[in-house]
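Remarks on the overall topology
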Protein chains: 2
Amino acid sequence: MDLMQGVEFSHWLFNNYLENKNILVDATCGNGKDTLFLANKIDSNGKLYAFDIQKEAINNTKKKIEEKELNINIDYINDGHENIDKYVNKKIDGIIYNLGFLPGSKKEVKTEKETTITSLNISLDILAKGGLIVIVIYSEHEGGSEEKAAVLNFARGLNYKKYNVLHYHFINQKKNPPEVIAIKKRNGIK
Amino acid sequence: MDLMQGVEFSHWLFNNYLENKNILVDATCGNGKDTLFLANKIDSNGKLYAFDIQKEAINNTKKKIEEKELNINIDYINDGHENIDKYVNKKIDGIIYNLGFLPGSKKEVKTEKETTITSLNISLDILAKGGLIVIVIYSEHEGGSEEKAAVLNFARGLNYKKYNVLHYHFINQKKNPPEVIAIKKRNGIK
């Protein structure tokens, strides 16, 4: 793709539609690209949580963040994002998911539809009013298209009175470039 | 909608993915909002074409642009966008469509699927390499959903070797907020 990248678009959403930046979460920190992006967005008295089930990903992310010498409050959590509520006991303002496998790895470990849907349900529960969930979906690998279908199905079913759900995807491609789903919790609800 | 607006997104596309800004076109200038946006993007030696089938729309747009006293080369054309090649005899770098009726009007005049598809075919022909077509689709009015379906069908069928086609839409809403389709002509083709 020589244009409109899902990752860039996901950052645009955070830049434009994130109302508060107190508590942010990277659900799948991978090599830390999004974690670094979020680290630069967070309020000075806020907190960032970076999850990944792979120790290698946590190490890579930690290194990337520490190099920048940012003065932020960040927890690195080497656990799956389906356990997010074991570690985060506050309302969150924004969370980003990258679904697929760790870039550069052997693709043995990847996100799975069951744990992803579990995690999304938890995120909806702990999302603050006006909060934003952004999901970047890679689906070329084995199981990827099933996970994408499950997430789309989940997202389509969300109550329009409570959430606005956006889908950003390429519709004429032979391969599957990354797609984005954004879920925003409306402000006017409890 | 309290968030992610199609119109804002369409401008983001022009801000980020328009490679050249020499010849730009507003296919449906309406009240001139997009025309003004494009007028501020155009190169100093470039040219902007503003089409609308309604005289009222042309007058509103002209007024809006003239108020800003921009030093640009602009043609106002009171004709339908299906006749674009009667007036534009150069390769175009970017074109924007707003499909629906003139905001504030009596909804009697609106874009129609046949002329829209005719116009899109012409735009593809005269689009420069790296050029961008952005279509903002309103579909709540009578005939709107048929026009949307026709445009989506057209867009999905475009050759992926020649074009990247993006769809931005809300997937859990009761009503139909504006959707966006972006077509980018790949650089590596003749």
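My aim in this report is to walk through the structure given alongside it, one point at a time. (Residues numbered from 1 in each chain as written. Chains lettered and ligands numbered in written order. Predicted model: local features only at pLDDT ≥ 70, side-chain atom pairs only at ≥ 80, totals over all residues.)

All names here are of chain B. As for its placement among the helices and strands, leucine 36 is situated in helix H2 (residues 33-39). Measuring from C-alpha to C-alpha, the distance between leucine 36 and isoleucine 65 comes to 6.1 Å, with 29 residues separating the pair along the chain. Dropping the residues within four chain positions of it, leucine 36 is found in contact with Lys64, Ile65 and Lys68. (Helix = DSSP H or I, 4+ residues; strand = E, 2+ residues; numbered from the N terminus. Contact = placed C-beta atoms within 7 Å.)

Phi at glutamate 69 of chain A takes a positive value of approximately 50°, unusual for a residue other than glycine. Summarising the element assignment, glutamate 69 of chain A is placed in the loop between helix H3 (55-67) and strand S3 (74-77).

This paragraph deals with the pairing of strand S2 (residues 47-51) of chain B. Residue and element names in this part refer to chain B. Within S2, 4 of the 5 residues are buried, leaving the element largely enclosed by the surrounding structure. Here 4 bridges tie strand S1 (residues 23-26) to S2, and the two strands are oriented parallel to one another. Bridge pairing links leucine 24 to leucine 48 in S2. After leaving S1, the chain enters H2 and then returns to the sheet as S2, a path that is right-handed. One ladder, built from 4 bridges, connects S2 with strand S3 (residues 74-77); its direction is parallel. For phenylalanine 51, the partnering residue across the bridge sits in S3 and is isoleucine 77. As a crossover connection, the stretch from S2 through helix H3 (residues 55-67) into S3 is right-handed. (Buried ≥ 20, exposed ≤ 12 C-beta atoms within 10 Å, placed from the backbone. Pairing = 2+ DSSP bridges. Right-handed = clockwise from strand over helix to strand, strands pointing away.)

Residue and element names in this part refer to chain A. Look at helix H6 (residues 144-156): 18 Å from first C-alpha to last across 13 residues, which is about the 18 Å you get at 1.5 Å a residue. Listed in full, the buried residues belonging to H6 are Glu147, Lys148, Val151 and Ala155. For H6, the angular spread of buried residues about the axis comes to 100°, placing them on one side. Residues of H6 that are exposed and angled more than 90 degrees away from the buried face: Glu146, Ala149, Asn153 and Arg156. Buried residues in H6 make contact with strand S4 (92-99), helix H5 (113-126), strand S5 (127-137), strand S6 (163-170) and strand S7 (179-185). (Expected span 1.5 Å × (residues − 1). Arc of directions from axis to C-beta.)

Turning next to H3 of chain A. Residues and elements named next belong to chain A. Spanning 13 residues, H3 covers 18 Å between terminal C-alpha atoms, matching the ideal 18 Å at 1.5 Å per step. All of the buried residues in H3 are Ala57, Ile58, Asn60, Thr61 and Ile65. On an axial view of H3, the arc spanned by its buried residues comes to 165°, and they lie on one face. Opposite the buried face of H3, by more than 90 degrees, sit the exposed residues Lys55, Lys63, Glu66 and Glu67. In this structure, the buried side of H3 is in contact with helix H2 (33-39), strand S2 (47-51) and S3.

Before going further, it helps to examine the pairing of strand S7 (residues 179-185) of chain B. Residues and elements named next belong to chain B. Most of S7 sits inside the fold, with 7 of its 7 residues counted as buried. Of the two faces of S7, the one holding Glu179, Ile181, Ile183 and Lys185 and the one holding Val180, Ala182 and Lys184 are both buried throughout. Where strand S5 (residues 127-137) and S7 come together, 6 bridges link them in antiparallel fashion. Considered in S7, the bridge of valine 134 is made with alanine 182. Pairing geometry for strand S6 (residues 163-170) and S7, over 6 bridges, is antiparallel.

Below, the discussion takes up the interface of chain A and chain B. Across the contact, 26 residues belong to chain A and 26 residues belong to chain B. Elements represented by at least two residues in the side of chain A that touches chain B include exactly helix H1 (6-17), H6, S6 and S7 of chain A. At 8 residues, the largest contribution of residues to the side of chain A that touches chain B is made by S6 of chain A. The class makeup of the residues in the side of chain A that touches chain B is 15 nonpolar, 6 polar and 5 charged. Sheet topology note: the S6 of chain A/S6 of chain B ladder contains 5 bridges and is antiparallel. If you follow tyrosine 168 of chain A over to S6 of chain B, its bridge partner there is tyrosine 168 of chain B. (Nonpolar A, V, L, I, M, F, W, Y, C, P; charged D, E, K, R; others polar.)

Residues and elements named next belong to chain B. Considering the arrangement of structural elements, one finds tyrosine 138 in the loop between S5 and helix H6 (144-156). Given 20 C-beta atoms within a 10 Å radius, tyrosine 138 is considered buried. Distance from tyrosine 138 to glutamate 112, taken between C-alpha atoms, is 12 Å for residues 26 residues apart in sequence. Setting aside anything within four residues of it in sequence, one finds tyrosine 138 in contact with Leu99, Gly100, Gly144 and Pro178.

So, about the relation of the copies chain A and chain B. Mapping chain A onto chain B is achieved by rotating through 180° and translating by 0.0 Å along the same axis, at an RMSD of 0.0 Å. Both chain copies can therefore be described as sitting about a two-fold axis. In terms of C-alpha distance to the rotation axis, chain A has tyrosine 168 of chain A as its closest residue, with the C-alpha 2.3 Å off the axis. The fraction of interface residues of chain A whose copies in chain B are also interface residues reaches 100%, indicating that both copies meet through the same surface. (Least-squares fit on C-alpha atoms with pLDDT ≥ 70 in both.)

Such coordinate-based values are descriptive only and should not be taken to indicate function.
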